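Residues per chain are reported as follows:
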Amino acid sequence: MALASGAHAQQLRIGYVDMKEVLDNAPQVVAGRIKLDQEFRSRNDAIELDEMQADSLEQRLGQGDVNADDRIRLERDLREMRRNINRRKEDLRDELSFRRTEEVQQLESQINVAVQEIARRNGYDLILSSPVVYASPALDITDLILEQLEVEYAADQLELGTD
């Protein structure tokens, strides 16, 4: 696309960034996922253990070798256990979703800085990010952005003394 400005014609350089790909593959995002997995793993494991106990109790009730009074008590315990498990699962999902959003928001400025750096370094006049209706693969600079984020992540890890 060429735009004429007065007597001089200038070529406009446009790039496109697939933000979904960046948010799926940037090393900062991958590290954030691992961090969240570690943060929430013990709670998830406890829920899974309770689910196995509930399944075991349900199987015991299904065997039919429990007297009527015990059956009523065990059924009530099972219902309460299932409600508690479902409530804890929902709380965990909500908190995990909130934390994921929080992690992505913290990365947005870093991603924007990487996009601006690549744009300046490579002479882009305009960078569009997804979602767009259509972008030619020739305009796609997503890999350049991911490479820049990898360099920044490696530098951050060196600065922190981790790898």
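Preceding this section is the structure that the text describes.
About the cut-offs
- Residues numbered from 1 in each chain as written.
- Predicted model: local features only at pLDDT ≥ 70, side-chain atom pairs only at ≥ 80, totals over all residues.
- Heavy atoms only, no water.
- Salt bridge = Lys/Arg side-chain N within 4 Å of Asp/Glu carboxyl O.
- Helix = DSSP H or I, 4+ residues; strand = E, 2+ residues; numbered from the N terminus.
- Expected span 1.5 Å × (residues − 1).
- Buried < 20%, exposed > 50% of the residue type's maximum accessible area, 1.4 Å probe, protein only.
- Contact = heavy atoms within 4.5 Å.

Summarise the pattern of salt bridges; cite the residues concerned and give the values.
In this structure the tally under the stated criterion is 15 salt bridges. Two residues, Asp-37 and Arg-41, come together in a salt bridge whose shortest N-O distance is 2.2 Å. Taken together, the positions of Asp-37 and Arg-41, both in helix H2 (residues 27-63) and four residues apart, correspond to about one turn of that helix. We note a salt bridge from Glu-117 to Arg-121, for which the minimum N-O separation is 3.3 Å. Of the two residues, Glu-117 and Arg-121 are both situated in helix H3 (residues 68-122); the distance of four residues between them amounts to about one turn of the helix. One network of salt bridges, with partners in common, ties together Lys-35, Glu-39, Arg-99, Glu-102 and Glu-103.

An account of helix H4 (residues 142-160) is needed here, citing residue identities and associated values.
Look at H4: 27 Å from first C-alpha to last across 19 residues, which is about the 27 Å you get at 1.5 Å a residue. Here H4 has its buried residues at Thr-142, Ile-145, Leu-146, Gln-148, Leu-149, Glu-152 and Gln-157. Lining the buried residues of H4 we find strand S3 (14-17), helix H1 (19-25), H2 and H3. The positive-phi residue at the C-terminal boundary of H4 is Gly-161, with phi of around 80°.

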